[in-house]
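Here are the chains, one letter per residue:
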Amino acid sequence: MPHVPTLTQLRDHAIARSLFRPTTLPKAIERLGFLQADPLRAPARAQDLTLRHRVAGYRAGDLDRRYPRLAVEEDFFVNYGYLPRATQALMHPRTARLVWDAAREAQAAAVLDFVRERGTVHPREVDARFSHGQVTNWFGGRSRASTELLDGMHYRGLLRVARREGGVRLYAPRLAPPSDVDPDTAMDRLVDVIVQTYAPLPARSLGELVSHLRGGAPQWAGRRVAALERARARLASAEVGGMRWFWPAGENPASRRHRPPEDLRLLAPFDPVVWDRRRFECFWGWAYRFEAYVPAHRRERGHYALPMLWRGEVIGWGNLSAAGGRLDGQFGYVAGRPPGDPVFRRALEEEMGRLAAFLGVA
């Protein structure tokens, strides 16, 4: 019988398998499986903050700059983000839950012809050409109807994101044909990507992530329960700390090879190491919450608190700002104060130096 790992070994396995040795940008995205995106810059976008630990020499904005040359697509998976083109193809042809009426279908057909004619379009070009007007968005404000239509066409696989300009998505006709694998095989592969990105996972977290595939593959929503059962059968698992945990077959969380990095890391709120808040509390014994959208007077740790990982423990958090060519940080600690070890102070200074280089500031 394989050795049942301890909770500490599961923690070290989670850190080691995700914070792998820095590699190239394409290989890092392939190895991650999925990279969640977020538009906020505090002090950089979440996708850049995630990649800087995993791509050698990475600088903020490299993903946007290199995206047109990568076999990578922006799309919705379990959240919105970036994933290898071959993985994205598994979710298409996608049948959206919201059915367009005949008028909307006609608008989409006209816009698709326009995009095919132009090759790549900015949303304002579509708005200028068609004058679709405005609609009420999810936040109760007003946005261009053309932008909403382009988002819907992208989600349905009619368009792809060709590149970004100033953070704005430019669209082009879809490149790759939809996958021709059968739905159950596609679902199994998609679940394997979830496990690749976030393992080891508590059973409940695995189930919730598989349920999130309703966004990435709504046409197969009814197949999620069976896909989860097949995953539970093929993955390695053990009962640890009163919960069932799952990870890829063939991996050994109890291996002595899994050693957390000695250097200090400030992680993005959506970094795979800290993404699963249930797992976070199991590993580190305190609750981390993303508070960017929480009213300022109710925040406990700050607008965009970055979890602070040091020697396998998340001991606190940092809120960073880069203004006037300078990087500043405010830090908080679970213990109420920083470790007194001078090695910690040096480690924090070194991490701030790496962040400054990543951001291109002093």
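Preceding this section is the structure that the text describes.
Residues numbered from 1 in each chain as written. Predicted model: local features only at pLDDT ≥ 70, side-chain atom pairs only at ≥ 80, totals over all residues. Heavy atoms only, no water.

Let's talk about the overall build of the chain
Scanning the chain for helices and strands turns up 13 helices and 14 strands. Relative to the globule expectation of 21 Å for 362 residues, the C-alpha radius of gyration of the chain, 22 Å, shows essentially globular dimensions. Out of the 362 residues belonging to the chain, those deemed buried represent 51%. In the chain, of all internal contacts separated by at least 6 residues, the share reaching a separation of at least 24 is 63%. Counting every atom, the chain has about 17200 Å² of accessible surface; 51% of that belongs to carbon and sulfur. In the chain, 55 side chains carry a positive charge and 40 a negative one; their mean positions are 2 Å apart. (Helix = DSSP H or I, 4+ residues; strand = E, 2+ residues; numbered from the N terminus. Rg over C-alpha atoms; globule rule 2.2 N^0.38 Å. Buried < 20%, exposed > 50% of the residue type's maximum accessible area, 1.4 Å probe, protein only. Contact = heavy atoms within 4.5 Å. Areas by Shrake-Rupley, 256 points an atom, 1.4 Å probe, with all protein chains shown as cover. Lys, Arg positive; Asp, Glu negative; His and termini not counted. Charge placed at Lys NZ, Arg CZ, Asp CG, Glu CD.)

Describing the pattern of salt bridges
Going through the model one piece at a time under the given rule, you end up with 31 salt bridges. A salt bridge links Arg 54 to Asp 271; the shortest N-O distance between them is 2.8 Å. In this pair, Arg 54 sits in the loop between α3 (46-51) and α4 (62-66) while Asp 271 sits in the loop between β11 (265-266) and α12 (277-284), placing the two residues 217 residues apart along the sequence. In this pair, the class of Arg 54 matches that of Asp 271, namely buried. Ionic pairing is found between Arg 234 and Asp 192, a salt bridge with its closest N-O pair at 2.9 Å. Of this pair, Arg 234 sits in helix α11 (residues 224-234) while Asp 192 sits in helix α9 (residues 183-198), placing them 42 residues apart in sequence. The class for Arg 234 is partly exposed, based on a relative accessible area of 30%. (Salt bridge = Lys/Arg side-chain N within 4 Å of Asp/Glu carboxyl O.)

Quick notes on the nonpolar core
Membership of the largest hydrophobic core comes to 104 residues, with the highest contact counts inside it found for Leu 51, Leu 63, Phe 77, Ile 194, Trp 284 and Tyr 304. If sequence neighbours within four positions are ignored, Ile 194 has contacts with Phe 77, Val 78, Ala 199, Leu 201, Leu 209, Val 210 and Leu 213. (Core = buried A, V, L, I, M, F, W, Y, C linked by side-chain atoms within 4.5 Å.)

Concerning the sheet that holds strand β1 (residues 35-36)
The sheet built from 3 strands is open, its strands ordered β1-β3-β2 with antiparallel pairing. Whereas interior strands pair on both sides, the edge strands pair on one side only; in this sheet they are β1 and β2 (72-76). Where β2 and strand β3 (residues 80-84) come together, 5 bridges link them in antiparallel fashion. Of the residues in β3, the one forming a bridge with Glu 73 is Leu 83. (Pairing = 2+ DSSP bridges.)

A short note on unusual backbone geometry
With an omega of 5°, the peptide bond between Ala 42 and Pro 43 qualifies as cis. Position of Pro 43 among the secondary structure elements: in the loop between β1 and α3. We note that Arg 311 has phi near 55°; this positive angle belongs to a residue other than glycine. By the element assignment, Arg 311 lies in the loop between β12 (306-310) and β13 (313-323). For Arg 311, a relative accessible area of 37% puts it in the partly exposed group.

A closer look at the pairing of β2
Buried residues dominate β2, accounting for 4 of its 5 residues. Following β2, the chain reverses through 3 residues before pairing antiparallel with β3.

With respect to the environment of Ala 46
Mapping Ala 46 onto the fold places it in helix α3. Residue Ala 46 is classed as buried on the basis of its relative accessible area of 0%. Taking the C-alpha atoms as reference points, Ala 46 and Met 153, separated by 107 residues in sequence, lie 25 Å from one another. Those residues in contact with Ala 46, other than ones at most four positions away along the chain, are Asp 38, Leu 40, Ala 268, Phe 270 and Tyr 304.

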